[in-house]
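A closer look at the structure
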Amino acid sequence: MGKLFAITLDGRVYSCKHCETHLSLAEDLKSRNFSSRHGKAYLFDKVVNVTVGEKEERLMITGMHTVVDIFCVGCGSIVGWKYEAAHDKDQKYKEGKFILERFKVLGPDGGIYLPVVEGHDSGSEED
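This one's a predicted model, so the numbers in the text were calculated from it and none came from an experiment. (Residues numbered from 1 in each chain as written. Predicted model: local features only at pLDDT ≥ 70, side-chain atom pairs only at ≥ 80, totals over all residues. Heavy atoms only, no water.)

Turning to the state of the cysteines, a few remarks are in order. In protein structure, a disulfide is the covalent linkage between the sulfur atoms of two cysteines. Taken as a whole, this structure holds zero disulfides when the rule is applied. No disulfide involves Cys 16; its sulfur sits 3.6 Å from that of Cys 75, the nearest cysteine. (Disulfide = S-S within 2.5 Å.)

Structure, rendered in structure tokens:
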């Protein structure tokens, strides 16, 4: 395996909680109103230092979507998913955007998110 070249971001950074590889900037955060199986999830315009898995159809609360899981290039941990396609017209804004699961990343302040068991948010994703 060759040497890993990860992009280092300047500014307020979201990073992998396992290896602290930079994933996205706070300025690329589009919404905090998403959920995953593990709790809160955030929608981003841009994410770096990830590899993608196989495309799959996934039924979520807001309908059927084609997604790929995204993995940290530093440690291989799954950190979220990317929307490849949305089947409903009103969900098309998600296409090409990324979800980072909050409990799998460190926030810009270096804080770890500890999930709280509660009900789903109305705008949430993935059952």
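Resuming the write-up.
What follows covers the nonpolar core. One broad trend across soluble globular proteins is that nonpolar side chains are buried collectively. If you look at the biggest cluster of nonpolar residues, it comprises 13 residues, and the most contacted ones within it are Tyr 14, Leu 23, Phe 44, Val 47, Ile 70, Val 79 and Leu 100. Sorting the residues of this core by element identifies strand 1 (13-16), strand 4 (39-44), strand 7 (63-72) and strand 9 (98-101) as the ones contributing at least two each. (Core = buried A, V, L, I, M, F, W, Y, C linked by side-chain atoms within 4.5 Å. Buried < 20%, exposed > 50% of the residue type's maximum accessible area, 1.4 Å probe, protein only. Helix = DSSP H or I, 4+ residues; strand = E, 2+ residues; numbered from the N terminus.)

Let us look at the pairing of strand 3 (residues 29-36). Note: strand 3 against strand 4, five bridges, orientation antiparallel. Bridged to Phe 34 within strand 4 is Ala 41. Hairpin remark: strand 3 followed by strand 4, antiparallel, with two residues in the connecting loop. (Pairing = 2+ DSSP bridges.)

Right, let's talk about the pattern of salt bridges for a bit. Pairing of side chains with opposite charge becomes possible as their charged atoms draw close. For the structure on display, the rule yields seven salt bridges. With a shortest N-O distance of 3.5 Å, Lys 97 and Asp 45 are connected by a salt bridge. Of this pair, Lys 97 sits in the loop between strand 8 (78-86) and strand 9 while Asp 45 sits in the loop between strand 4 and strand 5 (50-52), and the two are 52 residues apart along the sequence. The network of salt bridges with shared partners includes Lys 30, Asp 45 and Lys 97. (Salt bridge = Lys/Arg side-chain N within 4 Å of Asp/Glu carboxyl O.)

So, to be careful, I would describe these as geometric facts and stop short of saying anything about function.
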